[in-house]
Amino acid sequence: MEEYPEEMRSPPVSLVSVVGCSELHSSISTHLHSLDPPINTLALPDLSKVSLLLPPPKPNPVPGDSSAPPPAGILKRDWLLKHRTKVPAVVAALISSDRVSGDPAQWLELCSEIDNLKGLIRGRNIKLVLVVVHSNSNEEISEDQMVAVRKRAEVDAKYLLTFYTDDGSQSKQSLDRLGSVFAELAGIYYRDEGRRIKARIERKTSNPTDFNIRYSFKVAVYAEFRRDWVEALRFYEDAYHTLREVIAGASTRLSAIQRLVEIKTVAEQLHFKISTLLLHGGKILEAVTWFRQHNASYRKLKGAPESIFLHWEWMSRQFLVFAELLETSSAAIQSISPLTIGTSERPLTEWEFQPAHYYQLAAHYLKEKRSSLDFAVSMSEGEIDYSAESVAPSSYLGQFARLIEQGDTFVMQPLTDEEYMRFAISEGKRFQDSFEIIALLKKSCESYNNLKVRRMASFCGFQMAREYYAVGDFSNAKLLFDDIASLYRQEGWVTLLWEVLGYLREGSRKHCKVKEFIEYSFEMAALPISADTGIQSFRFEESGPAGPATLQQRETIHKEVFGLVSEKLGLASIENGDDLKVCDDNPLHLEIDLVSPLRLVLLASVAFHEQIIKPGKSTMVTLSLLSQLPLNFEIDQLEVQFNQSHCNFVIMDAQKPHVASLADGQSGRRRETAPSLQLSTNKWLRLTYDIKSDQSGKLECISVIAKMGPHFTICCRAESPASMDDLPLWKFEDRVVTHPTRDPALAFSGQRATQVEEPDPEVDLTLDANGPALIGESFIVPVTVTSKGHEVNSGELKINLVDVRGGGLFSPRDAELSTDSHHVELLGISGSEGEDESQLNTDEIKKIQKSFGLVSVPNLKSGDSWSCKLEIKWYRPKPVMLYVSLGYSPDNNESNTQKVNVHKSLQIEGKNAITISHRLMLPFRRYPLLLSRTKPVPDSDQSVSMPSNETSVLVVSAKNCSEVPLQLLSLSIEGDDNDDTERSRSVHGGEDLLHPALLVPGEEFKKVHTVTSEMNSSKLKLGNVCLRWRRNSGTREQAGSAALVLTNHRLPDVNLESSPLVVSLECPPYAILGDPFTYFVKIQNQTELLQEAKISLADAQSFVISGSHSDTVYILPKSEHMISFKLVPLSSGAQQLPRFTLTAVRYSTGFQPSIAASTIFVFPSQPHFKMVAVGDERKESVVAE
């Protein structure tokens, strides 16, 4: 479509001319271009130059004049361009207001220019507009002057306009008014011109046919100027149908070839206009139907035989242009469903709505043009390269003439048909049609691929690949051929695949690619083409370089390729002139896997007769080979390869003893013979042999290598009969299907792999564990390896720790807090007692990780034993499964990699050994008033509170919660190691343990400490409880050998709180029946305020009380108040003192002493105590934050 001029490819736009006041031309043109539809402008600086714009008109031919010469052509080539760019519909004269209202000389000059302008447009029907330009809105022209100007120009009053340039709003209004007038007058002009031409068409019988076509074309163009698409379409169709009448007389003219070229060129332009209007109007179905009629009308109008290439070129251009037009309307095409529209004999198909279809046919007709042009070139005589520089398009569309220089001018001389043909052939030779064909086919292929139509895309791709092949671009051709061949293999299109492979095979031969040539040759020879096929390719009546797809041709290729691999034949190459050979310098090896197309050539099936075998025991294996090559062929040698290389063996043909020389370098391998290694078409060659393996594990046949000739091998991937796929191309062929093995059961269940069991181990592996593992201790697990028949060589001991519950031995949450994030860890592996250090060096312990260990075991003779100890540590209570695997070789032969494995497992429960708890108490019979205890605040810190500057009692308890007795070595409270803050408290404990304390399961050990805060702060850090213990093993010697374990327990922080009041109770440690004693209550005010307190003392049956039972006292700031009572005990034994209650009025709270603090023991008489000295009390002071 790019070949068409711009005036053809876009709808015509109205043209107006603006004369005078050149400073306004830019703004007027910009405004007119922004209109819908836009208007083009021609500008002249002043009225004196208007003659350059409108040359004198040519006289029109008189209709019906018989003496007039016949028309020289149908359509003038530049008529449409002239009316779009040179002939305006409206002329606007821009006149300055100074010239209208100026002196008489200016007025006379203006009148002369207006008269000249009227004379130029008279007889042309061009409309005239006068525009008086005001540079200032205050300027006014009298009504008489404006009437005089209008009468002088002979225009209506509405076509005399005023244009203001100074004010923005008035200037915009002036432009809008000017644009509306231009659009109105242009529409009138093109309507009047159309009517004038229609009047000529009505006298059709008196006009030559060429004129009628021309008139209809002009009327349609004028209708397009007015955007009347319906009328334009109708007159284009009239011109097109009238053109058919000219065809009948074209052959009777002297220049019949050129006349036919002119008719087709005009038909092409009319068809393009009609198709464009239909498609842009959304009439997709009508456009496709119209193109079909256009194609049917001119497809057989070929012309003279020597000019037929011009016809095919014209046909190709029709399909190309229509495809491009369809692409511009692709959005509308997508919404159209495939309807059966068209004639009853031939309805429209879905493909006729797709641009890909037309691109494909455009390439097809361009091929026809190339073939016809080659024939015309070969048949032409004399000088073919006619001087193209002297031939140019004439003034009529579709005509050519020779330019002849006569003096200072050039004259167009018509061409004869012979001259024109020489020119056309010369022009045709200048272009490379192959590249244009490739471009068209590429567009078609891409469009089909976008539509997911792979078969049509492959068809176009094949045509494109042939073009690449024809121009010598084999690399691009091969890419396309390989892709197409893959689809044809999947679809099973044998004949089409034959043709594609023929091109690939021939291209490989030309470029000296031996391996690819043999691969394509083998595949072609194995295609399912029988003797009665004889199908020729339907593409352009060609069969490709491989010839017809017949059985005879298959046999020819078979003989050719086997002659090449047997080094009896060499094929000439085109690229470098060398022969294709398979020799010592150029050996060849082919690989055939499970998806290779060469499975047709050689298919290898391997089946073990047993699925499980004992090591060292032989079993049978059947090797079956199948080929679809058309002729019998012999294999010189077969090599069967397994994953265990010592099982590989070679099969030789018993009838060919001389081929033993082919097995050079294979003297150490096992050799077998076969009666014959000849393969027939579609007949299994079955070979059965015994095989054994001493190595446990999977024994699998990997591949079978067939050797044919000294330098050619084919490696086939071994396949199992039970899972072997059919040959895709031969699946539906009429052939006898047999099993790869004689036993049908083995054919359905046979596998190319078998399992070799491990030999029974003659080594014991023993694991032992003494009770459960305790958190924090290094738990020892003895491992013993005892040989009871086998020697242990290259032994390795693998240790794995696995969580029984499946949660894993690693805690991501704990990893953020501590480096010991594993719950259970393998610390190390130590040798047996008395073992020399050299026997367990760093080389022997290969690898130890958190939950995995690998240890080398020394070589052991039969009856020897070896042991080691696994050291495992638990950080969290968790059950763990310990897996220990021993792998060893019973033979001392390094070449034997056979391993025997022994597995043992042991579940070990990890438990807590000791539970540590604590309790914080106030001093005996001393009660500080803590407001946080009496009035708890919601959502506040719930930690324990203690009074500041007071001594409190801390009791730490350690309880044995395990199942074994423990020895408690020490219990202390220590500060944090990184505590660098000021000392804030003192902790004093009791005496250290002189001897280890024995804790039986369930028993609890307690130790009392005193805590004193030494500075004013809100928090008190008590520190960590450090408990040292070990497992009790019975005797003192065994207990001493047990590892010591340190258990840390962090004590929570304590809130410090100032107590406003402190109540202390003082009385003797015991009382004597009937003897009075004094009971003191001391109230201490630690604030700067006067405190009011209400006290009360309840009666007690066991005591006689002397003193106030209820009273209110006032305690001065920073002072204390003492209250005393006299009590006489009346009963012996543990007695409750009278209950004392204090209420602090300021804090609205009160408290009572505890029952334990209110208890006193009354002796019936004076007791006698014997005091014994125990020793100096030892104190422990630990400072922490």
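Residue indices begin from 1 for each chain and proceed along its sequence in written order. Local features in a predicted model are, by the rule used here, given only for residues with pLDDT of at least 70; side-chain atom pairs are given and counted only at 80 or more, and totals for whole chains, interfaces and linings are based on all residues. Water and hydrogen atoms play no part in the side-chain values, which are based on all heavy atoms of the structure.

**Q** What am I meant to see in the overall build of the protein here?
**A** Under the scheme used here, helices are H or I runs from DSSP no shorter than 4 residues and strands are E runs no shorter than 2 residues, and both carry numbers assigned from the N terminus. In terms of regular secondary structure, the protein is built from 26 helices and 57 strands. Within the span of the protein, comprising 1185 residues, buried residues form 47% of the whole. Two residues qualify as a contact provided that any one of their heavy atoms is within 4.5 Å of a heavy atom in the partner residue. In the protein, 74% of the contacts between residues at least 6 apart in sequence involve partners at least 24 apart. Each accessible area is a Shrake-Rupley result for a 1.4 Å probe, and residues are judged covered by the shown protein chains and nothing else. On the protein, roughly 58,900 Å² of surface is accessible, and the fraction owed to carbon and sulfur atoms is 50%. Only protein chains enter the calculation, and the probe is 1.4 Å; a residue is then buried if its accessible area is under 20% of its type maximum, exposed if over 50%, and partly exposed in between.

**Q** Would you mind going over the pairing of strand β52 (residues 1120-1129) with me for this structure?
**A** Along a regular strand, successive side chains alternate from one face of the sheet to the other. Relative to β52, strand β48 (residues 1077-1085) is paired through eight bridges, and the arrangement is antiparallel. Following the sheet pairing, V1081 is matched in β52 by I1123. Relative to β52, strand β50 (residues 1103-1106) is paired through four bridges, and the arrangement is antiparallel. Looking at β52, one finds that F1103 is bridged to P1129. For two strands to be treated as a pair, DSSP must find at least two bridges joining them.

**Q** When you look at a negative patch on the surface in this model, what are you seeing that I'm missing?
**A** Residues forming no salt bridge and having over 30% relative accessible area are the ones grouped into patches, like charges within 9 Å of each other and nonpolar side chains (Val, Leu, Ile, Met, Phe, Trp, Tyr) within 5 Å. Think of a salt bridge as a Lys or Arg side-chain nitrogen and an Asp or Glu carboxyl oxygen that are within 4 Å of each other. For the charge count, each Lys or Arg is scored as positive and each Asp or Glu as negative, with His and the chain ends excluded. Lysine's charge is taken at NZ, arginine's at CZ, aspartate's at CG and glutamate's at CD. Taken together, the side chains of E2, E3, E313 and E436 make up a negatively charged region of the molecular surface. You can see E313 is positioned in helix α13 (residues 308-328).

**Q** It is not clear to me how the side chain of R554 should be interpreted in this structure. Could you clarify?
**A** As for its placement among the helices and strands, R554 is situated in helix α22 (residues 551-565). E555 provides the closest opposite charge to the buried, unpaired R554, separated from it by 7.6 Å. Sequence-distant contacts of R554, that is, excluding residues within four places in its chain, are made with W498, M524, A525, A526, L527, I529, Q628, L629, P630 and W730.

**Q** Quick question: what am I supposed to make of the sheet that holds strand β31 (residues 865-874) here?
**A** The pairing of strands in a sheet happens through backbone hydrogen bonds and is either parallel or antiparallel. The strand order across the open sheet formed by four strands is β24-β26-β31-β28, and the pairing between neighbours is antiparallel. Every interior strand has two partners, whereas the edge strands, β24 (763-767) and β28 (824-831), have only one. Going across the sheet, the axis of each strand differs from the next one's by a mean of 20°, ignoring polarity. Both strand β26 (residues 778-787) and β31 contribute to a ladder of nine bridges, which runs antiparallel. Note that in β31 the partner of T784 across the bridge is S867. Interaxial angle, 0 to 180 degrees, is taken between N-to-C directions of lines fitted to C-alpha atoms, where a helix line uses only the stretch in contact.

**Q** Would you explain unusual backbone geometry in this entry?
**A** What is expected of a backbone is that most residues other than glycine have negative phi and most peptide bonds are trans. A cis amide bond links D36 to the next residue, P37, at an omega of 0°. Structurally, P37 can be placed in the loop between α2 (25-33) and β2 (39-44). The backbone of C512 sits at a positive phi, close to 60°, despite the residue not being glycine. Turning to its location among the elements, C512 is positioned in the loop between α20 (494-510) and α21 (514-525). The phi torsion at S1148 lies on the positive side, around 50°, for a residue other than glycine. Counting through the fold element by element, S1148 comes out in the loop between β54 (1140-1144) and β55 (1149-1151). Judged by its relative accessible area of 58%, S1148 is exposed.

**Q** What am I meant to see in the packing of helix α12 (residues 284-298) against α13 here?
**A** For any two helices packed against each other, one specifies the inter-axial angle together with the distance between the axes. Axis separation between α12 and α13 bottoms out at 12 Å; the angle between their running directions is 180°. In terms of their interaxial angle, α12 and α13 are classed as roughly antiparallel. Residue-level inspection shows A287, V288, F291, H294, N295 and Y298 of α12 in contact with α13, the latter providing H311, W314, M315, Q318, F319 and F322. When the residues that make up the contact of α12 with α13 are grouped by side-chain class, the tally is eight nonpolar, four polar and no charged. Just so you know how the angles are binned, under 35 degrees is roughly parallel, over 145 roughly antiparallel, 65 to 115 roughly perpendicular, and the rest oblique. When residues are sorted by character, Ala, Val, Leu, Ile, Met, Phe, Trp, Tyr, Cys and Pro go into the nonpolar class, Asp, Glu, Lys and Arg into the charged class, and all the rest, Gly among them, into the polar class.

**Q** Can you help me understand the pairing of strand β1 (residues 14-19) in this one?
**A** Burial runs high along β1: six of the six residues are buried. Side-chain alternation along β1 places S14, V16 and V18 on one buried face and L15, S17 and V19 on a second face that is also buried. Two elements, β1 and β2, share six bridges in a ladder whose sense is parallel. Within β2, the residue paired with V16 across the bridge is T41. Seen with its strands pointing away from the viewer, a crossover is right-handed when the path leading from the first strand over the helix to the second is clockwise. Of the crossover connections in this fold, the one passing from β1 over α2 to the parallel β2 is right-handed. Bridge count between β1 and strand β3 (residues 90-96): four bridges; the pairing is parallel. Paired with V16 across the bridge in β3 is V90.

**Q** Any chance you could explain the packing of aromatic side chains here in plain terms?
**A** For any pair of aromatic rings, the description consists of the separation of the ring centres together with the inter-plane angle of the planes. Each Phe, Tyr or Trp ring, with Trp reduced to its six-membered ring, pairs with another whose centre is within 6.5 Å; inter-plane angles below 30 degrees give stacked pairs, above 60 give edge-to-face pairs, and intermediate values give tilted ones. Throughout the structure, instances matching the rule amount to 36 aromatic pairs. Consider the rings of F217 and Y236, whose centres lie 5.9 Å apart with planes at 55°: the pair is tilted. Placement of F217 in helix α9 (residues 209-225) and of Y236 in helix α10 (residues 229-247) is noted, with a sequence separation of 19 residues between them. Judged by its relative accessible area of 0%, Y236 falls in the buried class. Here the aromatic rings of Y488 and W493 are separated by 5.3 Å at their centres, their planes lie at 50°, and the arrangement is tilted. Overall, the relative accessible area of 1% leaves Y488 in the buried class. Owing to a relative accessible area of 23%, W493 belongs among the partly exposed residues under this scheme. Aromatic ring contacts, followed pair by pair, group W79, Y189, Y190, F217, Y222, F225 and Y236 into a single cluster. Sitting over the face of the ring of Y298, R244 holds its NZ or CZ atom 5.2 Å from the ring centroid. Geometry around F649 places R670 over its ring, the cationic atom sitting 4.8 Å from the centre. Two conditions define a charge located above a ring, namely a distance within 6 Å from the ring centre to NZ of Lys or CZ of Arg, and an angle within 35 degrees of the ring normal.

**Q** Honestly, a nonpolar patch on the surface in this entry has me stumped. Any pointers?
**A** Together, L403, F410 and M412 make up a nonpolar patch on the protein surface, roughly 290 Å² of accessible area in all. For L403, the location among the structural elements is in strand β7 (residues 400-406).

**Q** In this structure, what is going on with the sheet that holds strand β56 (residues 1159-1163)? I would like to understand it.
**A** Pairing in this open sheet of three strands is mixed, and the strands run β47-β56-β53 from one edge to the other. Each edge of the sheet is formed by a strand with only one pairing partner; in this case those strands are β47 (1070-1072) and β53 (1133-1136). The average undirected angle you get between the axes of adjacent strands in this sheet is 40°. The pairing of β47 with β56 spans three bridges and is parallel. From the neighbouring strand, Y1070 faces β56, where its bridge partner is F1161.

**Q** Just to check I follow, could you spell out the pattern of salt bridges for this structure?
**A** Opposite charge on two side chains permits pairing when their charged atoms draw close. Tallied over the entire structure, the rule returns 42 salt bridges. Here K172 ties to D176 by a salt bridge, and the two come within 3.0 Å at their closest N and O atoms. With K172 and D176 both in helix α8 (residues 168-202), this residue pair falls four residues apart, about one helical turn. Judged by relative accessible area, which is 35%, D176 ranks as partly exposed. Note that R226 and E231 form a salt bridge whose closest N and O atoms lie 3.4 Å from each other. Note on E231: relative accessible area 11%, which makes it buried.

**Q** Sorry, what's going on with the environment of S530 here?
**A** For S530, the location among the structural elements is in the loop between α21 and α22. Its relative accessible area of 36% is what places S530 among the partly exposed residues. S530 sits 20 residues away from T550 along the chain, and the two C-alpha atoms are 6.9 Å apart.

**Q** What is the right way to look at the environment of P728 in this model?
**A** Locating P728 in the fold gives a position in the loop between β22 (712-717) and α23 (744-749). Measuring from C-alpha to C-alpha, the distance between P728 and Q490 comes to 7.4 Å, with 238 residues separating the pair along the chain.

**Q** What's the story with the nonpolar core in this structure? I'm lost.
**A** Side chains of nonpolar character tend, in soluble globular proteins, to be buried together. Formed by 206 residues in total, the largest nonpolar core has its most connected members in L243, I518, F522, L625, L638 and I651. The element that contributes the greatest number of residues to this core is α8, accounting for eleven residues. Setting aside anything within four residues of it in sequence, one finds L243 in contact with I74, I213, I263, V266, A267, L270 and Y298. Think of a nonpolar core as a cluster: buried Ala, Val, Leu, Ile, Met, Phe, Trp, Tyr and Cys residues, connected wherever their side-chain atoms sit within 4.5 Å. By size, the runner-up hydrophobic cluster in this structure holds 32 residues, among which are L767, I775, L797 and C868.

**Q** Can you walk me through the environment of E140 in this structure?
**A** Residue position: E140 is located in the loop between β4 (127-134) and α7 (143-153). For E140, a relative accessible area of 76% corresponds to the exposed category. The sequence separation of E140 and S101 amounts to 39 residues, and the corresponding C-alpha distance is 9.0 Å.

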